[in-house]
2 protein chains.
Amino acid sequence: MRADAARNRERLLDAASRIVAERGVDAPLEEIARQAGVSIGTLYNHFPTREALLDAVLVGRLASLDRLGSEALAAPDPWDGFAGFVEGLFALQAENHGLNDAIARAGSFSPEAAAACHRGFRHVDQIIARAREAGRLRPDFETADLITLVWAVSQVIRESMSAAPDAWRRFLAFFLDGLRPGAARPLPVEPLGPDRLAAILGPPPAT
Amino acid sequence: MRADAARNRERLLDAASRIVAERGVDAPLEEIARQAGVSIGTLYNHFPTREALLDAVLVGRLASLDRLGSEALAAPDPWDGFAGFVEGLFALQAENHGLNDAIARAGSFSPEAAAACHRGFRHVDQIIARAREAGRLRPDFETADLITLVWAVSQVIRESMSAAPDAWRRFLAFFLDGLRPGAARPLPVEPLGPDRLAAILGPPPAT
DNA sequence: AATCAAGTTGAGATCCCCCTCAATTTATTG
DNA sequence: CAATAAATTGAGGGGGATCTCAACTTGATT
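Since this is a predicted model, take the numbers as computed values, not measurements.

Describing the overall build of chain A
Okay, step 1: On a plain count of helices and strands, chain A comes out with 12 helices and 0 strands.
Okay, step 2: For chain A, the succession of helices and strands along the chain, N to C, is α-α-α-α-α-α-α-α-α-α-α-α.
Okay, step 3: Dimensions of chain A along its principal axes, counting C-alpha atoms only, are 60 × 40 × 35 Å.
Okay, step 4: Here chain A holds 207 residues, and the buried ones make up 54% of them.
Okay, step 5: Carbon and sulfur atoms provide 51% of the accessible area of chain A, an area that totals close to 9,200 Å².
Okay, step 6: Across chain A, 23 positive and 27 negative side-chain charges occur, with their mean positions spaced 3 Å apart.

Regarding the layout of surface pockets
Residue and element names in this part refer to chain B.
Okay, step 1: A volume near 890 Å³ is recorded for the largest pocket.
Okay, step 2: What lines the largest pocket is a set of 32 residues, among which His118, Ile147, Leu201, Pro204 and Pro205 lie closest to the centre.
Okay, step 3: The set of elements that each furnish at least two residues to the lining of the largest pocket consists of α7 (97-104), α8 (111-120), α9 (124-133), α10 (143-160) and α12 (194-201).
Okay, step 4: Sorting elements by how many residues they give to the lining of the largest pocket places α8 first, with 6 residues.
Okay, step 5: Split into classes, the residues belonging to the lining of the largest pocket amount to 21 nonpolar, 6 polar and 5 charged.

Some details on the protein's contact with DNA strand D
Okay, step 1: Inspection of the region around DNA strand D gives 20 residues, with A:Arg2, A:Asn8, A:Asn45, B:Glu30 and B:Arg50 positioned closest.
Okay, step 2: Between A:Asn8 and DNA strand D, the recorded distance is 2.2 Å, taken from a side-chain N or O atom to a phosphate oxygen.
Okay, step 3: Residue A:Thr42 places a side-chain N or O atom 2.8 Å away from a phosphate oxygen belonging to DNA strand D.
Okay, step 4: Sorting the residues of the surface near DNA strand D by element identifies α1 (3-23) and α3 (40-46) of chain A together with α1 (3-23) and α2 (29-36) of chain B as the ones contributing at least two each.

Re the protein's contact with DNA strand C
Okay, step 1: In the vicinity of DNA strand C, 20 residues are found, and the nearest of them are A:Arg50, B:Arg2, B:Asn8, B:Thr42 and B:Asn45.
Okay, step 2: Here, DNA strand C places atoms within 4 Å of the protein, and 63% of those atoms are sugar or phosphate.
Okay, step 3: One nitrogen or oxygen atom from the side chain of A:Arg2 is found 3.0 Å from a base oxygen belonging to DNA strand C.
Okay, step 4: Residue B:His46 places a side-chain N or O atom 3.1 Å away from a phosphate oxygen belonging to DNA strand C.
Okay, step 5: Elements that contribute at least two residues to the surface near DNA strand C include exactly α1 and α2 (29-36) of chain A together with α1 and α3 (40-46) of chain B.
Okay, step 6: Examining the composition of the surface near DNA strand C, we find that 5 residues originate from one element, α3(B), more than from any other.
Okay, step 7: Its residues assigned to classes, the surface near DNA strand C shows 8 nonpolar, 6 polar and 6 charged.

Remarks on α10(B)
Okay, step 1: Taking 1.5 Å of rise per residue, the 18 residues of α10(B) would be expected to cover 26 Å, and the 26 Å separating its terminal C-alpha atoms lies within 8% of that figure.
Okay, step 2: With 15 of 18 residues buried, α10(B) lies mostly within the body of the structure.

Re the packing of α1(A) against α2(A)
Helix packing geometry: the angle between the two helix axes and the distance between the axes.
Residue and element names in this part refer to chain A.
Okay, step 1: The N-to-C vectors of α1 and α2 enclose an angle of 130°; their axes lie 8 Å apart at closest approach. Viewed along their axes, α1 and α2 adopt a mutual orientation that is oblique. Along this stretch, α1 crosses α2, giving a crossing that reads as right-handed. Each of Arg11, Leu12, Ala15, Ala16, Arg18, Ile19, Val20 and Arg23 in α1 lies in contact with α2, whose residues at this interface are Glu31, Ile32, Ala33, Gln35 and Ala36.
Okay, step 2: The class makeup of the residues in the contact of α1 with α2 is 8 nonpolar, 1 polar and 4 charged.

The rules behind each value
Residues numbered from 1 in each chain as written. Chains lettered and ligands numbered in written order. Predicted model: local features only at pLDDT ≥ 70, side-chain atom pairs only at ≥ 80, totals over all residues. Heavy atoms only, no water. Helix = DSSP H or I, 4+ residues; strand = E, 2+ residues; numbered from the N terminus. Buried < 20%, exposed > 50% of the residue type's maximum accessible area, 1.4 Å probe, protein only. Areas by Shrake-Rupley, 256 points an atom, 1.4 Å probe, with all protein chains shown as cover. Lys, Arg positive; Asp, Glu negative; His and termini not counted. Charge placed at Lys NZ, Arg CZ, Asp CG, Glu CD. 1 Å grid on protein atoms, 1.4 Å probe; cavity = no way out; pocket = protein on both sides within 12 Å on 5 of 7 lines; lining within 4 Å. Points joined across faces, edges and corners; volume = space filled by probe spheres on them. Nonpolar A, V, L, I, M, F, W, Y, C, P; charged D, E, K, R; others polar. Near = heavy atom within 4 Å. Polar contact = N/O pair within 3.5 Å; in protein donor to acceptor, adjacent residues only side chain to side chain. Expected span 1.5 Å × (residues − 1). Axes fitted to C-alpha atoms, helices over the stretch in contact; angles between N-to-C directions. Parallel < 35°, antiparallel > 145°, perpendicular 65-115°, else oblique. Left-handed = near helix turned anticlockwise from the far one by under 90°. Contact = heavy atoms within 4.5 Å.

Encoded structure:
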């Protein structure tokens, strides 16, 4: 690769990181090219689709979900594992608007991102089961409820990121207090079934 | 007003109700005109701005928040009043995407809508205070936390409305279980101050 | 039925974004 | 210092949305 091309690629990645962080995965590509000091054509040379650029910018951070899930399962206390996972997950989303969008949409904009999210969520069934079985998490909380929580918190983050970047922690604390077995009261409706979840999220990636 | 004009106005309101319900407050105006069987020019004759049309379509329903707030304060049991208010509020949001958008944005697209939302939330301070003082609601829950909850639930509704229109009820149940005094554990961060809230929502309407 | 204000129309100006490609510039190599 | 392959450029085509206005049609009135 020619030296100028390598340089431009770096500049594009820099600009994309910055702008996707600020404006989310739908940020205008022209803006990214402009900030990189490069023409829109060059952007398309390096990244033929928005998805390619988002992959380059986001998948690395998304991969950190992996470790988070493993650590949660390995935590000595099952509740701490569970709560640590959701806190770590949302802390990642709260890093920037791009990650928040990516996780809230389960990476649906690209196979790479979808796979990264899927891998990151690989252990949630076990994390939840372990905490439930230890009697530390209410028994009627299911994986689908965590998905719903992700939608909810993603919006709290979206709205409050600029003015109060920690506001989601307070929201989450209220919610977690409702997940202790002692707090549980009967729930009014059934959890989302896999079919309905798939209707919203799209099919899970093949692997 | 001429008969044809009255007829077209009705058709526009019908179409707008339907389409805003389905697609939210950003639905394309051309689509509304098309479904009303009327040209885009006629739409603009009757409603010079999107806001005027949204007001006509949404403010009536938003006004029902008023009664909801009063009833909540009048409820014999303070907790039931509080929980009934939030359930009624979200049930209204869950009616359609337009209302959901309108309430989530605090009606910021027009003074009328903003005023309607503001009126509807007039009593929340008291509703919360009453439940707290009765020892039925945890004492660290504040009005700003309800705003955060509105953001959160609005997203749950947005995502799940078509596939599982009741999913928000389950989410809310978890959250409410965390709001009982017995469930309360220390919160990690302070509530959103009025300044930060204003930075996000815009200034409250004058009245 | 003639008149005319009221109402309707839709092409087109404007904006914003996506994406392409022929022409041009630039880095590298012998 | 050519020669040439690699890379860059940005105008332009296309889509979708908002909003306007001069020309036209229609309902009400006498």
